[in-house]
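# Coordinates in review
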Amino acid sequence: MATSLGSNTYNRQNWEDADFPILCQTCLGENPYIRMTKEKFGKECKICARPFTVFRWCPGVRMRFKKTEVCQTCSKMKNVCQTCLLDLEYGLPIQVRDTGLSVKDEVPRSDVNKEYYTQNMEREIANSDGTRPVGLLGKAPSSSDMLLKLARTTPYYKRNRPHICSFWVKGECKRGEECPYRHEKPTDPDDPLADQNIKDRFYGINDPVADKLLNRATTMPRLDIPEDKSITTLYIGGLGEDVTDSELRNHFYQFGEIRTITIVQRQQCAFIQFATRQAAETAAEKSFNKLIINGRRLNVKWGRSQAARGKERENDGVTESGIRLEPVPGLPGALPPPPLSDEDASTNYFNLAPTNSPVVMNLGLPPPPGVAMPPPPPGFGPPMFHTMDPMAPPMPPPMAMRPPGQVHYPSQDPQRMGAHASRHGGP
């Protein structure tokens, strides 16, 4: 016979009187210092209908007040939070957890059977050490690949936000910023997530959140093994700044001998090279979408071979999906390749089009007859053209008309600055 707050007071010795609730990190909030109100036998459990101690608190600033919904006996039977009824270890609905662990724990629905089942579970809880779940859940395997992939590693505090203000939706809210509810548009009423039942979540049936997560598990990516057998390196991404070399080595050494671990701090990634291909395959299989270090989920991929890197250089400008990117306008084109031999070398360094017009030399013209040419500044040598003065020194022949082996060095010009002084031992 089920007991409630207003009847069957003869069974008050089985009513719950707790000092602290069983909560997950998300429902508890991010503030380590919170106030809780405790009401002894304040409500009846929404599952077993027995009175229990109700706790009420505010998980943070601009968050709604929360309270415990089920008793601690029902919470320990399913290993769930007393408020959100999500699994305490994985943060997932009961339906998803039982599917991943292949557990079918059917709790009775009728009042008499439910009371008898609850009393048996309380006796089993009292005889246990409290470190492991009881019932069929305690006999299930310790972990599941699907649960490790879907598990939430960090608290989701957005779940504690206030509800939407119905007066604001109708345009009648007059509180403004003082309104404790959210002034946002509601989601689609046809969304299945808008219709959730606490009893369905506890019994693990017809839970829309669980259905969404199970559908996500069927479409999760897979890590394909590369065909190149020489690849024994794994890429570890998303390290952050707190993951060290020793923590990576402590996790991956169990799969086989590690040859090198290279951490690229700027890219927040690491490359782990194993001694054998079998060890690398085992590490990739056991760590893909399941590797969590210091509360951070890390990304595991296979390294790439040298041939694949060379192919990437050839496909420069092409994304992974095969889409070729358009070149940026205004950038210079690629330089022509160098000639193969000296015979193929050309003096057309500026890639000018060929023309039949004569080459015009930009040389100065000599002065008209009768006009004296001013002497060049000291150190600048003779003028570039021959003067008409018969007493002037002869001009050196052009470079093309000089005999072979004779090279003209301007620094050896006797008319350069300081030539006579250096010849006579001057400074």
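Each residue is numbered by its place in its chain's sequence as written, counting from 1. Totals for whole chains, interfaces and linings use every residue, but because this is a predicted model, local features are given only for residues with pLDDT of at least 70 and side-chain atom pairs only at 80 or more, for both listing and counting. Values reported for side chains reflect all heavy atoms of the structure, with hydrogen atoms and water molecules removed beforehand.

Applied cut-off: UniProt positions are given in the numbering used here, feature names are shortened, and annotations may be inferred rather than shown by experiment.
In the nomenclature of an unreviewed UniProt entry, the chain corresponds to Pre-mRNA-splicing factor RBM22 from the organism Cyprinus carpio. Its UniProt record gives the chain a comment under Sequence similarities (unreviewed entry), which states: "Belongs to the SLT11 family."

### A few points about the nonpolar core
For clarity, the threshold we go by: Residue types Ala, Val, Leu, Ile, Met, Phe, Trp, Tyr and Cys, when buried and joined through side-chain atoms within 4.5 Å, form a set referred to as a nonpolar core. For each residue, the accessible area found with a 1.4 Å probe, counting protein chains only, is set against the maximum for its type, and the residue is called buried under 20%, exposed over 50%, and partly exposed in between. Secondary structure follows DSSP: runs of H or I at least 4 residues long count as helices, runs of E at least 2 residues long count as strands, and numbering of each begins at the N terminus. Contacts are residue-level and defined by heavy atoms, with any inter-residue pair within 4.5 Å sufficient.
One finds Leu-234, Ile-236, Leu-248, Phe-252, Ile-272 and Phe-274 to be the most contacted residues of the largest nonpolar core, which totals 22 residues. Listing elements by their share of this core, those giving two or more residues are strand S4 (233–237), helix H10 (245–252), strand S5 (258–264), strand S6 (269–274), helix H11 (277–287) and strand S9 (299–302). Tallying contributions element by element places H11 first for this core, with four residues. Apart from the residues lying within four places of it in its own chain, the contact partners of Ile-272 are Thr-232, Thr-233, Leu-234, Ile-236, Leu-248, Phe-252, Ile-258, Thr-260 and Ile-261. Counting residues in hydrophobic clusters, the runner-up holds 19 residues, among them Val-54, Val-107, Val-134 and Tyr-203.

### Focus on the UniProt feature "domain: C3H1-type" (unreviewed entry) in the chain
What UniProt calls "domain: C3H1-type" (unreviewed entry) maps, in this numbering, to residues 159–186. Measuring from the first to the last C-alpha atom of residues 159–186 gives 15 Å, for a span that is 14% helix and 0% strand.

### Some words on helix H4 (residues 111–127)
What counts, and what does not: The span one expects for a helix is its residue count, reduced by one, times 1.5 Å. The arc in question is formed by the directions pointing from the helix axis toward the C-beta atoms.
Helix length check: H4, at 17 residues, gives a terminal C-alpha distance of 25 Å against a target of 24 Å (1.5 Å per residue), a fit within 8%. Looking only at H4, the buried set comprises Lys-114, Glu-115, Tyr-117, Thr-118, Met-121 and Ile-125. Considered in projection along H4, the buried side chains sweep an arc of 165° and stay on one side of the axis. Counted as exposed and oriented over 90 degrees from the buried face of H4: Val-112, Tyr-116, Ala-126 and Asn-127. On its buried face, H4 sits against helix H2 (72–78) and helix H8 (198–203).

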